[in-house]
Amino acid sequence: PLSNMVNRALKRTLDIVGALFALLVFSIPMLVVAVLVKCTSKGPVIFSQVRVGLHNKEFKMYKFRSMSDARDENGNLLPDSKRLTKFGKLLRASSLDELPEIWNILKGDMSFVGPRPERRYFIEKIRKENPNYDYLYLMRPGLTSMATLHNGYTDTMEKMLIRLDMDLEYLQKRSLWLDFKLIVTTFLFIVNGKKF
């Protein structure tokens with residue numbers, strides 16, 4: 001319908017304007033974080049990982065690096081919990097590691113609000129449990145979502161399936177007003193120190 005096309009175009013326009021404004025506002029904090037990441041551990045400042053987004057297309061999602069490249073005696077990477085740096089813990093707790101994703105929003109890979117982008121490996125596992133995951137390809141993945149706020153970090157299949165149900169609910173209910181409320185709620189959660 002024409003109304004849906006208008007809403008999608010308006011959402012994309014607001015994403016672009018919002019991303020440009022956010023890059024301007026957060027340019028100094030991002031520079032400070034970049035310097036601290038570089039000074040507190042070895043490795044690149046930015047971490048990138050291939051995720052799946054709109055129309056099932058892959059893209060590189062960017063974050064500030066929060067982990068080291070620590071390996072065991074056989075050269076295998078240590079578990080994530082062992083590689084998280086001290087400054088990385090602070091970045092994750094404050095969600096500052098997510099700031100480079102603003103660039104993904106500006107590029108059109110992501111939106112401010114939408115289902116969190118997932119790796120292909122985990123998507124295939126989720127689809128075996130619930131093939132309705134494919135409906136998420138109708139939306140740009142987001143920086144925040146209903147599931148991010150209310151389901152937290154998804155480290156089990158059970159939580160992944162709950163997240164999927166919430167993302168599918170968002171697909172049915174999505175509107176600019178709902179997006180605004182989710183963005184405000186996300187901001188308040190971060191300010192109050194609530195962990196996702």
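Note that the structure is predicted; figures quoted are calculated from it, not measured. (Residues numbered from 1 in each chain as written. Predicted model: local features only at pLDDT ≥ 70, side-chain atom pairs only at ≥ 80, totals over all residues. Heavy atoms only, no water.)

### Considering the overall build of the protein chain
And then number 1: From N to C terminus, the protein chain includes 9 helices and 4 strands.
And then number 2: With respect to the principal axes defined by its C-alpha atoms, the protein chain has extents near 55 × 40 × 30 Å.
And then number 3: The burial tally for the protein chain puts 39% of its 196 residues in the buried class.
And then number 4: Sequence separation of at least 24 residues holds for 66% of the intrachain contacts in the protein chain that already meet a minimum separation of 6.
And then number 5: Counting every atom, the protein chain has about 11800 Å² of accessible surface; 62% of that belongs to carbon and sulfur.
And then number 6: For the protein chain, the distance from the average position of its 31 positive side-chain charges to the average position of its 20 negative side-chain charges is 4 Å. (Helix = DSSP H or I, 4+ residues; strand = E, 2+ residues; numbered from the N terminus. Buried < 20%, exposed > 50% of the residue type's maximum accessible area, 1.4 Å probe, protein only. Contact = heavy atoms within 4.5 Å. Areas by Shrake-Rupley, 256 points an atom, 1.4 Å probe, with all protein chains shown as cover. Lys, Arg positive; Asp, Glu negative; His and termini not counted. Charge placed at Lys NZ, Arg CZ, Asp CG, Glu CD.)

### Overview of helix α2 (residues 27–40)
And then number 1: Between the first and last C-alpha of α2 there are 20 Å, a value that for 14 residues agrees with the 20 Å anticipated at 1.5 Å per step.
And then number 2: Buried residues of α2: M30, V33, A34 and V37, and no others. Relative to the axis of α2, the buried residues are bounded by an arc of 100° and lie together on one face. Set apart from the buried face of α2 by more than 90 degrees, the exposed residues are I28, L31 and C39. (Expected span 1.5 Å × (residues − 1). Arc of directions from axis to C-beta.)

### Here we look at unusual backbone geometry
And then number 1: Look at H55: it is not a glycine, yet its phi comes out positive at around 60°.
And then number 2: Tracing the chain through its elements places H55 in the loop between β1 (46–52) and β2 (58–64).
And then number 3: According to the relative accessible area criterion, H55 is exposed, its value standing at 53%.
And then number 4: A positive phi angle is found at S95, which is not glycine, with a value near 65°.
And then number 5: Structurally, S95 is set in the loop between α4 (86–94) and α5 (101–107).
And then number 6: Relative accessible area serves as the criterion here: at 16%, S95 is assigned to the buried category.

### Here we look at the environment of G152
And then number 1: Residue position: G152 is located in the loop between α7 (146–151) and α8 (157–173).
And then number 2: Using a relative accessible area of 22% as the deciding quantity, one classes G152 as partly exposed.
And then number 3: Note: C-alpha distance between G152 and R163 (11 residues apart in sequence) is 8.7 Å.

### Brief notes about the packing of helix α6 (residues 120–129) against α8
And then number 1: Packing of α6 against α8 brings their axes to within 10 Å, and their N-to-C directions diverge by 75°. As the angle between them shows, α6 and α8 are arranged roughly perpendicular. Taking contact as the criterion, the partners of F122, K125, I126 and E129 in α6 are, on α8, M157, M160, L161, R163 and L164. (Axes fitted to C-alpha atoms, helices over the stretch in contact; angles between N-to-C directions. Parallel < 35°, antiparallel > 145°, perpendicular 65-115°, else oblique.)

### Structural notes on the side chain of S145
And then number 1: Locating S145 in the fold gives a position in the loop between β4 (142–144) and α7.
And then number 2: Judged by relative accessible area, S145 falls into the buried class, the value being 4%.
And then number 3: A distance of 2.8 Å separates a polar atom in the side chain of S145 from a polar atom in the side chain of T148.
And then number 4: Here S145 is in contact with G114, P115, R116 and D167, once residues within four sequence places are set aside. (Polar contact = N/O pair within 3.5 Å; in protein donor to acceptor, adjacent residues only side chain to side chain.)

### Considering the pairing of β2
And then number 1: With 7 bridges joining them, β1 and β2 adopt antiparallel strand pairing. Paired with V50 across the strands is K60, a residue of β2.
And then number 2: Between β1 and β2, which pair antiparallel one after the other, the connecting turn spans 5 residues, and H55 there sits at a positive phi close to 60°. (Pairing = 2+ DSSP bridges.)

### A short note on the packing of aromatic side chains
And then number 1: Going through the model one piece at a time under the given rule, you end up with 3 aromatic pairs.
And then number 2: Plain terms: the ring middles of Y121 and F122 are 5.1 Å apart, the flat faces sit at 80° to each other, and that makes the pair edge-to-face.
And then number 3: Arranged with centres 6.0 Å apart and planes meeting at 70°, the rings of Y133 and Y137 form a pair that is edge-to-face. Of the two residues examined, Y133 and Y137, each falls in the buried class. (Phe/Tyr/Trp six-rings, centres within 6.5 Å; stacked < 30°, edge-to-face > 60°.)

Nothing here speaks to function; it is all geometry.
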